[in-house]
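# Coordinate analysis (summary)
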Amino acid sequence: MTFTFRPLDPLKDAELLHSWVTHPKAAFWMMQDAKLEDVEREYMKIAADEHHHAYLGLDESARPVFLMEKYDPAHRELVGLYEPRPGDVGMHFLTPPTDRPVHGFTRSVITAVMAYLFEDPATQRVVVEPDVDNKAVHALNEAVGFVPEREIQKPEKRALLSFCTRDQFLAATGVAA
């Protein structure tokens, strides 16, 4: 599967995003009760933030099929929770609910996300902090080279702090970034 990325348009894409983030499948996204205006507001805030960016992943027909956020962990999400290194990039991704699951889709998405992040030569290491109970994403993270470091307490959740270097990604996937 081949994906491209485009910056998320908070107003144009809010309705689609709302349907994704409020679905029970997205429970770990913690926006279950969000109204459309809440989603617009959250992504307008991200669009205005120099340290946080949101993108839609598009399939071959340019249809949005997942959400990816990247952030600077020295300024967002993980401030004070670990010692950031130069070249660290934080990442979140969300695949939407579907009536017709495609085998290997989510793994293809996280692989594409990681390759996209590592296209930037300044990116040395990707940092994630999924909920400790999100076993499915832990397995996906491991499949692309993430190594868990430790559990951390964030304001909204207990998280598993994990890291993946360019070399670890290449070793796990064979994808040169």
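Everything below is about the structure shown above.
Report follows, based on the coordinates.

Basis of the calculations
Positions within a chain are numbered from 1, following the residues in the order the chain's sequence is written. Only residues with pLDDT of at least 70 are given local features in this predicted model, and only at 80 or more are side-chain atom pairs given and counted; all residues enter the totals for whole chains, interfaces and linings. In computing side-chain properties, one takes all heavy atoms of the structure into account and sets aside hydrogens as well as water. Of the grid points, spaced at 1 Å and generated over the protein atoms alone, those admitting a 1.4 Å probe that cannot get out make up cavities, while open sets with protein on both sides within 12 Å along at least five of seven lines make up pockets; any residue with an atom within 4 Å of a point is treated as lining. Grid points are joined across faces, edges and corners, and a volume is the space filled by probe spheres set on the points. Numbering of helices and strands starts at the N terminus; helices are DSSP runs of H or I of at least 4 residues and strands are runs of E of at least 2. Any carboxyl oxygen of Asp or Glu that lies within 4 Å of a side-chain nitrogen of Lys or Arg is treated as forming a salt bridge with it. Here the term buried applies to any residue with accessible area under 20% of the maximum for its type, exposed to any over 50%, and partly exposed to those in between, with areas from a 1.4 Å probe on protein chains only. The pairing criterion for strands is at least two bridges between them, as found by DSSP. What we call a nonpolar core is a set of buried Ala, Val, Leu, Ile, Met, Phe, Trp, Tyr and Cys residues that are connected through their side-chain atoms within 4.5 Å. Only heavy atoms enter the contact rule, under which two residues are in contact if any of them lie within 4.5 Å. In summary, the pairing rule links any two rings of Phe, Tyr or Trp, Trp by its six-membered ring, whose centres are within 6.5 Å, and it sorts them by plane angle into stacked for under 30 degrees, edge-to-face for over 60 and tilted for everything else.

Bringing the layout of surface pockets into the picture now. Considered as a void within the structure, the second largest pocket measures approximately 590 Å³ in volume. Looking at the second largest pocket, it is lined by 23 residues, and the ones nearest its centre are P96, T98, R100, V102 and F105. Counting residues per element, the ones that place at least two in the lining of the second largest pocket are β3 (64-71) and α3 (105-118). Looking at which element gives the most residues to the lining of the second largest pocket, the answer is α3, with three residues.

Our next topic: the pattern of salt bridges. Tallying each qualifying case throughout the model produces 12 salt bridges. Here R6 makes a salt bridge to D13, at a shortest N to O gap of 2.9 Å. For R6, a relative accessible area of 21% puts it in the partly exposed group. Among the salt bridges present, the one from R150 reaches E149, with a minimum N-O distance of 2.5 Å.

Take unusual backbone geometry next. The phi angle at A62 is positive, at roughly 70°, despite the residue not being glycine. The topology assignment puts A62 in the loop between β2 (52-58) and β3. Backbone geometry at E77 places phi at a positive 65°, although glycine is not the residue there. Mapping E77 onto the fold places it in the loop between β3 and β4 (88-94).

With six of seven residues buried, β2 is to be regarded as a mostly interior element. Alignment of strand β1 (residues 4-7) against β2, held across four bridges, turns out to be antiparallel. Its bridge partner lying in β2, P7 is registered against Y55. Sheet analysis places β2 next to β3, joined by seven bridges and oriented antiparallel. Each bridged residue has a counterpart across the sheet, and for L56 the counterpart in β3 is L67. Linking β2 back to β3 in an antiparallel pair, the connection comprises five residues, with A62 at a positive phi of about 70°.

Counting 26 residues, the largest nonpolar core has F66, M68, M91, F93, V113, M114 and F146 as the members making the most contacts within it. Among the secondary structure elements, those contributing two or more residues to this core are β3, β4, α3, β5 (125-128) and α4 (135-143). No other element matches α3, which puts nine residues into this core. Setting aside chain neighbours within four positions, we find F146 in contact with M91, M114, V126, V127, V128, N141, S162, F163 and C164. Listed in part, the 15 residues of the second largest apolar core include W20, Y43, L58 and L67.

Moving on, we come to the packing of aromatic side chains. Tallying each qualifying case throughout the model produces seven aromatic pairs. Between F3 and F105 the ring centres are 5.9 Å apart and the planes differ by 80°, which places this aromatic pair in the edge-to-face class. Remark: F105 occurs in helix α3 and F3 occurs in the segment before β1; sequence separation between them is 102 residues.

This brings us to the environment of W20. For W20, the location among the structural elements is in helix α1 (residues 14-21). As a C-alpha pair, W20 and A159 span 139 residues in sequence and 22 Å in three-dimensional space. Sequence-distant contacts of W20, defined by excluding residues within four places in its chain, comprise A26, L56, P64, V65, F66, L67, L94, P96 and P97.

On their own, these measurements won't tell you what the molecule is for.
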